[in-house]
Amino acid sequence: MHTRHHRLYDASQIREIERHAISALNIPGYALMQRAASAAWHAMRKRWPGARRIAVIVGAGNNGGDGYEIARMALADGCVVTVVAVGARARSGDAVTACDAWERVGAVRSWSSGAIPEVDVIFDALFGIGLSRAPQGDAAAAINAINAARSAGVGVVAVDIPSGLDASTGAAEGLVVRADLTVTFIADKLGLHTGSGPDCVGALVVDALEVPDSALDAHSAVALQMQADDLRTGLPQRSRAAYKNRHGHVLVVGGNHGMAGAALLAARAALRAGAGLVSVATRSSHAPALTAAQPELMCHGVDRAPEMAALIARADVIAIGPGLGQDGWARELWSLCLEAGKALIIDADALNLLAQSPQRLLDAVLTPHPGEAARLLGINSAVVQRDRIAALNALHGRYGGVFVLKGAGSLVGASPHWLCPYGNPGMAVAGMGDALTGTIAALRAQGLTAAEAARHGVLLHALAGDRAAQRGERGLIPSDLIDALREVANPT
């Protein structure tokens, strides 16, 4: 059983869980609203203990109801409170109760001038998890004003989810609030962790609102969130009697003219992630230089099919794609690797070749970024990013195998799906994907299944990236990450 903090849900599941809490567990909806307000207020107070001027921007739904309750707590705490309603006032249910309770002690300003008063902290209670379209009109203007205030130094707290962000997918179809702190309720949402979510959420607090774990058990999580400690149990233990062949032989295939570095990065990562032997099949002109750059590698210039067949026969896992290209040489090597029946890790140009001649793959891990995923599906990358889980499912449906959809909140398509919350913007540099390919290949060679190698490889790679970024994100290069793999792969 995965613990609650692993599980990520979509908006429809959260609404069902909330309905169950109200109808079956007899928790009044207004009580949940008050608990949500308390959670948001106390999280804000912990972050900004000296804040005294508070603005609450409310919409017409239950998210706005949370906002009215937050305003009452702020007033009771001695703050100067401004409540600004955007669009219609609360229309039904618990939100009306909360609005009426606020109006007995304070006023509600209607959004008109487009100005937010000078405050220390703004609560964004405009839209909740039900939003599925781009904000328009006054709502868009309010989001712009909130973001402008944040740029000027005002703290911003998103109530449940930053307004404009899709809770299920992390898509932002239009303007979206960029919060310093998001306090989300009942359970964690996938959209907070992938797509545009990581850029908008800021620090995240998840509060269950005293809804018991049993209320979640009827719903399978959309994805599970990786934890750093997963490496302690996920990576294979090493016997004192181990020898190199017990840790697997990885063959990296790539390094076409002018792209030898990509193959070198993948092969180095495979070594640092624990493969027993690593070979490289590359252009003949590159082999001597690669051997000189990393003498632990067995680098082979390959010009003809028989040479490649001998290398494939000795390998346990083939990692194909880094610097492969798409010329005749690349296509011949790609065909030979596909026919080999060996475990495959497929990246970069090998993914592009697969997109040109689609086929189903059995024992393979495929690691596209959104652009490569779009080519594999015959769509554009914006559609991939709009619903990354849907894209992941479509990729698996078309090609089989285990897919890693790279990007902020990388997703691993297995059963169940996994999301990686680690990594950093410094990793957005050429060659990081090659390092990931080598890392996954090494774990696959050490005996992990395709799904296990993908999941733990993504986690190991991201944590190594974070370790390397301790010296700064700007200027981080793949070699820095590869140097950090060994330490991260041996958790104490």
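Every chain is numbered on its own, with residues counted from 1 as its sequence reads. In view of the model being predicted, local features appear only for residues whose pLDDT reaches at least 70, and side-chain atom pairs are presented and counted only at 80 or more, with totals across whole chains, interfaces and linings using the full set of residues. Values shown for side chains rest on all heavy atoms present in the structure; no hydrogens or waters enter the calculation.

Draft legend 1. Looking closely at the sheet that holds strand E2 (residues 53-58). Spatial strand order, E4-E3-E2-E5-E6-E7-E8: seven strands in an open sheet with parallel pairing. If you trace the sheet from one side to the other, it starts and ends with strand E4 (108-110) and strand E8 (203-207), each paired once. Across the sheet, the mean angle separating the axes of adjacent strands is 20 degrees when strand polarity is ignored. Bridging between strand E5 (residues 121-125) and strand E6 (residues 155-159) involves four bridges; their strand directions are parallel. In the strand pairing of E6, Ile122 is matched with Val156. Of the strands in this sheet, E2, E5, E6, strand E7 (181-185) and E8 are in contact with helix H2 (residues 29-47), which crosses E7 at around 155 degrees. A pair of strands counts as paired when DSSP detects no fewer than two bridges linking them. For helices the rule is a DSSP run of H or I covering at least 4 residues; for strands it is a run of E covering at least 2, with both sets numbered from the N terminus onward. Helix axes are fitted to C-alpha atoms over the stretch in contact, other axes to C-alpha atoms as well, and angles between N-to-C directions run from 0 to 180 degrees. Should any heavy atoms of two residues lie within 4.5 Å, those residues are counted as being in contact.

Draft legend 2. Fine view of the packing of helix H16 (residues 432-445) against helix H18 (residues 478-488). Direction vectors running N to C along H16 and H18 enclose 25 degrees, while the axes themselves pass 9 Å from each other. Taken together, the axes of H16 and H18 are roughly parallel relative to one another. Our pair here, H16 against H18, has a crossing hand that is right-handed. Side by side, H16 and H18 meet where Met432, Ala435 and Thr439 of the first sit next to Pro478, Leu481, Ile482 and Leu485 of the second. Of the residues contributing to the contact of H16 with H18, the split by class is six nonpolar, one polar and no charged. Roughly parallel here means an angle under 35 degrees, roughly antiparallel means over 145, roughly perpendicular means 65 to 115, and every remaining angle is called oblique. Two helices that cross are described as forming a left-handed crossing if the nearer one is turned anticlockwise from the farther one by less than a right angle, and a right-handed crossing if clockwise. In this count, Pro and Cys sit with the nonpolar residues alongside Ala, Val, Leu, Ile, Met, Phe, Trp and Tyr, while Asp, Glu, Lys and Arg are called charged and the others, Gly among them, polar.

Draft legend 3. Just unusual backbone geometry, in detail. Positive phi, normally seen in glycine, also occurs at Leu209, with a value near 55 degrees. If you trace the backbone, Leu209 turns up in the loop between E8 and strand E9 (223-225). Under the scheme applied here, a residue whose accessible area is under 20% of the maximum for its type counts as buried, over 50% as exposed, and between as partly exposed, the area being computed with a 1.4 Å probe on protein chains only. Overall, Leu209 belongs to the buried group, its relative accessible area being 5%. Positive phi outside glycine occurs at Ala348, with the angle close to 55 degrees. The residue Ala348 is located in the loop between strand E14 (343-346) and helix H12 (349-356) in this model.

Draft legend 4. Just helix H8 (residues 260-272), in detail. A helix is expected to span 1.5 Å for every residue after the first. For H8, built from 13 residues, the straight-helix expectation of 18 Å at 1.5 Å per residue is met to within 8% by its first-to-last C-alpha distance of 19 Å. Those residues of H8 lying buried are Ala260, Ala262, Ala263, Leu264, Leu265, Ala266, Ala267, Ala269 and Ala270. The first or second residue beyond H8 is Gly274, which carries a positive phi of 105 degrees.

Draft legend 5. Representation of the side chain of Arg283. Relative to the helices and strands, Arg283 is located in the loop between strand E11 (277-282) and helix H9 (287-293). One polar contact links Arg283 to Asn256, side chain to side chain, over a distance of 2.9 Å. With sequence-adjacent residues up to four places away left out, Arg283 is seen in contact with Gly254, Gly255, Asn256, His257, Gly301, Asp327 and Trp329. We define a polar contact as two N or O atoms separated by no more than 3.5 Å, with the added condition that, inside protein, one atom must be a possible hydrogen donor and the other a possible acceptor, whereas residues neighbouring each other in sequence contribute only through side-chain atom pairs.

Draft legend 6. Broad picture of the packing of aromatic side chains. Working definition: rings of Phe, Tyr and Trp (its six-membered ring) pair if their centres are within 6.5 Å, and the pair is stacked with planes under 30 degrees apart, edge-to-face with planes over 60 apart, and tilted otherwise. With the rule as written, the count across this model stands at two aromatic pairs. On the basis of an interplanar angle of 25 degrees and a centroid distance of 6.0 Å, the ring pair of Trp41 and Phe123 is categorised as stacked. Note that Trp41 is positioned in helix H2 and Phe123 in strand E5, a separation of 82 residues in sequence. Comparing Trp41 with Phe123, the two get one shared label, buried. Ring plane angle 55 degrees and centroid distance 6.3 Å describe the contact between Tyr399 and Phe403, whose orientation is recorded as tilted. The pair Tyr399 / Phe403 is uniform in exposure class, with both members buried. Above the ring of Trp418, the side-chain terminus of Arg455 is found at 3.6 Å from the ring centroid. Should the NZ of a Lys or the CZ of an Arg lie within 6 Å of a ring centre and within 35 degrees of the ring normal, that charge is described as sitting over the ring.

Draft legend 7. Layout of the sheet that holds strand E15 (residues 361-366). Overall, mixed pairing links the eleven strands, which are arranged E1-E9-E18-E17-E16-E15-E14-E13-E10-E11-E12 in an open sheet. Only two strands of the sheet have a single partner each, and these edge strands are strand E1 (7-8) and strand E12 (298-301). Note: strand E10 (residues 249-253) against strand E13 (residues 317-320), four bridges, orientation parallel. Paired with Leu251 across the bridge in E13 is Ile318. Along the sheet, helix H10 (residues 305-314) contacts E10, E11, E12 and E13; its crossing angle with E10, the most-contacted strand, is approximately 145 degrees.

Draft legend 8. Focus on the nonpolar core. We call a set of buried Ala, Val, Leu, Ile, Met, Phe, Trp, Tyr and Cys residues a nonpolar core when their side-chain atoms join them within 4.5 Å. Among the nonpolar cores identified, the biggest contains 60 residues, and Val250, Val252, Val278, Val280, Val365, Val404 and Val412 are the most heavily contacted of them. At ten residues, helix H17 (residues 450-468) tops the list of elements feeding residues into this core. Dropping the residues within four chain positions of it, Val365 is found in contact with Leu344, Ile345, Ile346, Val402, Val404, Ile440, Ala450 and Ala454. Among the nonpolar cores identified, the runner-up in size contains 58 residues, and Leu32, Ala71, Val83 and Ile186 belong to it.

Draft legend 9. Summary view of the packing of H16 against H17. Where H16 meets H17, the closest approach of the two axes is 8 Å, and the angle between their N-to-C directions is 135 degrees. On the basis of their axis angle, the class for H16 and H17 is oblique. At the point where H16 passes H17, the crossing takes the right-handed sense. Residues Met432, Ala435, Leu436, Thr439, Ile440, Leu443 and Arg444 of H16 pack against Ala450, Ala453, Ala454, His456, Gly457, Val458, Leu460 and His461 of H17. Split by residue class, the contact of H16 with H17 holds ten nonpolar, four polar and one charged.

Draft legend 10. Region of the structure containing the environment of Ile57. With respect to the secondary-structure elements, Ile57 resides in strand E2. Separated by 13 residues in the primary sequence, Ile57 and Met44 place their C-alpha atoms 15 Å from one another. Here Ile57 is in contact with Val84, Val86, Ile116, Ile122, Phe123, Asp124, Ala125, Leu126, Ala142 and Ile146, once residues within four sequence places are set aside.

Draft legend 11. Seen up close, the pattern of salt bridges. Only one rule defines a salt bridge in this text: a Lys or Arg side-chain nitrogen within 4 Å of an Asp or Glu carboxyl oxygen. According to the stated counting rule, one finds 17 salt bridges in the structure shown. A salt bridge links Asp217 to Arg7; the nearest nitrogen and oxygen atoms lie 3.5 Å apart. Taken together, the positions of Asp217 in the loop between E8 and E9 and Arg7 in strand E1 put the pair 210 residues apart, joining distant regions of the chain. Salt-bridge contacts for Asp230 lead to Arg455; the nearest nitrogen and oxygen are separated by 3.3 Å. Taken together, the residues Asp230 in helix H7 (residues 230-234) and Arg455 in helix H17 connect sequence positions 225 residues apart. Accessibility expressed as a relative area gives 11% for Asp230, which makes it buried.

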